[in-house]
Amino acid sequence: MATLVTGGAGYIGSHTVAALHDAGRDVVILDDFSNAARRAVDSIRSLTRSDLPVVEGDAGDLEVLDAVFDGHRIDSVVHFAARKSVAESVSDPLGYYRSNLGSVISLAAAAIDRGVPRLVFSSSATVYGSASAPPVTEDSPTVPESPYGETKLMGERILADAAAASEMSVTSLRYFNPVGAHPSGLIGEDPSGEPANLVPRIMQVAAGRRDRLEVFGADYSTVDGTALRDYVHVMDLAEGHVAALDAAMTPASSRVYNLGTGSGTTVLQILGAASEVIGSSIPYEMAERRPGDIEASWADCTRARDELGWQARRDLAQMLADHWNFARQQSSC
Ligand code: UD1
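Everything numeric in this text was worked out from a predicted model, so none of it was measured.

Undergrad: Can you walk me through a negative patch on the surface in this structure?
TA: A cluster of acidic side chains, namely D32, D58, D61 and E63, defines a negative patch on the protein surface. Checked against the element boundaries, D32 lands in the loop between β2 (26–31) and α2 (39–48).

Undergrad: Just checking my understanding: could you explain the site of the ligand for this structure?
TA: Lining the immediate surroundings of the ligand are 19 residues, of which L198, E214, R229, R290 and D293 lie closest. Take D293: an N or O atom from its side chain is 2.5 Å from an oxygen atom of the ligand. Protein coverage of the free-state accessible area of the ligand, which is 740 Å², stands at 85%. Counting residues per element, the ones that place at least two in the shell around the ligand are α7 (198–206) and β8 (213–216). The greatest single-element share of the shell around the ligand, amounting to four residues, is contributed by β8.

Undergrad: Teacher, can you tell me more about empty space enclosed by the protein here?
TA: Over the atoms, a rolling probe the size of a water molecule traces out where space has been left empty. In total, this model carries one cavity of 30 Å³ or more according to the counting rule given. Each pocket or cavity is described by its volume, and for the largest cavity that value is around 40 Å³. Forming the boundary of the largest cavity are H79, F80, A81, A82, N100, V104, F121, T151 and K152. Taken together, the elements giving at least two residues each to the lining of the largest cavity come down to α5 (93–113) and α6 (147–164). In terms of residue class, the lining of the largest cavity is built from five nonpolar, three polar and one charged.

Undergrad: I would appreciate a short explanation of the environment of S85 in the present structure.
TA: Within the element layout of this structure, S85 appears in the loop between β4 (74–79) and α4 (86–91). Put simply, S85 and A164 are 79 residues apart on the chain and 30 Å apart in space, counted from C-alpha to C-alpha. Among residues more than four places away in sequence, those in contact with S85 are Y96 and Y148.

Undergrad: What exactly am I supposed to notice about the packing of helix α1 (residues 11–22) against α2 here?
TA: Helix packing for two helices is described by the angle between their axes and how far apart those axes are. Close contact between α1 and α2 brings their axes to 10 Å; oriented N to C, the two are set at 20°. When the interaxial angle is binned, α1 and α2 end up roughly parallel. Crossing of α1 against α2: the hand is right-handed. Along the contact surface, α1 presents S14, V17, A18 and H21, while α2 presents I44, L47 and T48. Of the residues belonging to the contact of α1 with α2, the class tally is four nonpolar, three polar and no charged.

What counts and how
- Residues numbered from 1 in each chain as written.
- Predicted model: local features only at pLDDT ≥ 70, side-chain atom pairs only at ≥ 80, totals over all residues.
- Heavy atoms only, no water.
- Patch = residues over 30% accessible without salt bridge, like charges linked within 9 Å, V, L, I, M, F, W, Y side chains within 5 Å.
- Areas by Shrake-Rupley, 256 points an atom, 1.4 Å probe, with all protein chains shown as cover.
- Salt bridge = Lys/Arg side-chain N within 4 Å of Asp/Glu carboxyl O.
- Lys, Arg positive; Asp, Glu negative; His and termini not counted.
- Charge placed at Lys NZ, Arg CZ, Asp CG, Glu CD.
- Helix = DSSP H or I, 4+ residues; strand = E, 2+ residues; numbered from the N terminus.
- Near = heavy atom within 4 Å.
- Polar contact = N/O pair within 3.5 Å; in protein donor to acceptor, adjacent residues only side chain to side chain.
- 1 Å grid on protein atoms, 1.4 Å probe; cavity = no way out; pocket = protein on both sides within 12 Å on 5 of 7 lines; lining within 4 Å.
- Points joined across faces, edges and corners; volume = space filled by probe spheres on them.
- Nonpolar A, V, L, I, M, F, W, Y, C, P; charged D, E, K, R; others polar.
- Contact = heavy atoms within 4.5 Å.
- Axes fitted to C-alpha atoms, helices over the stretch in contact; angles between N-to-C directions.
- Parallel < 35°, antiparallel > 145°, perpendicular 65-115°, else oblique.
- Left-handed = near helix turned anticlockwise from the far one by under 90°.

Right, here's the structure in full:
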């Protein structure tokens, strides 16, 4: 029996495939490579020393799903495949709703049809928006501030309703800010376009591919005026998916968990830590706040600790060292 990982060639997906393999599970990847490099598959195969099956296709395409479920013995699903740009979702909301929710509906229906008992859904802390002061718990109000965030919250709700009407159980994992890479340096964040996130941009400056980092906002009410986030190592997130699949769950139930470290770091603190890890200073300049950004966000991860037995284990220095290790190898290619 195998775990189907949609979006398994992407950033968190590929690390989760590695963690599932380490935990002794067989994996089938389904990916359309719209925002993942094909070379990621070669890297995952060499990392896991296995010829794990990869199906190229859209997780919302019923014919593709039939072929995957008919061709493999699937006993659990981890669903990552989704479009994930906040800005793009504002300019193309219908595209985001169609794609992100179409795949949730088609995949859940196919899994339920085949009697698959477990599904884990890749959600995001973006579902909280700025409605609550941190730390946020899973019971904090959910007020997404973009169509992308809405698709994550609606995805959770659709899956909870589908679980309640079937024998399947569903776990939604709300990630805070994923950073880092596999310690081998073989897999990491390798998006097709220009990165928008902080750490990939810092790595571009360090590698000489960008002159300086723009720090978006210096007038927040934080210790140094810059915005604060809960950065969590992607390997910790990956292990959170294994813990979620292993956790005992009642059929027809659903549960939501925060995955973060439980503490926050400002942009300037990240810059300082990155300079230390990389061994050179990172040029930066203060800039205007980025529209849509919130001041501070970090997680309360008590529920994941108590119910999944999961806690983030890797610190910020490890996240940045592993991220840099991968980025340096990519930029020398
Ligand atoms: C973003 C997404 C969020 C997604 C998350 C993880 C937005 C509004 N939110 O969160 O939905 O789940 O990524 O992929 O896009 N920063 C700079 N300079 C830069 C880039 C970022 O100062 O060049 C700052 C930002 O203003 C922010 C912090 O760094 O305060 C983190 O930014 P980023 O990595 O983009 O993550 P989020 O905005 O938290």
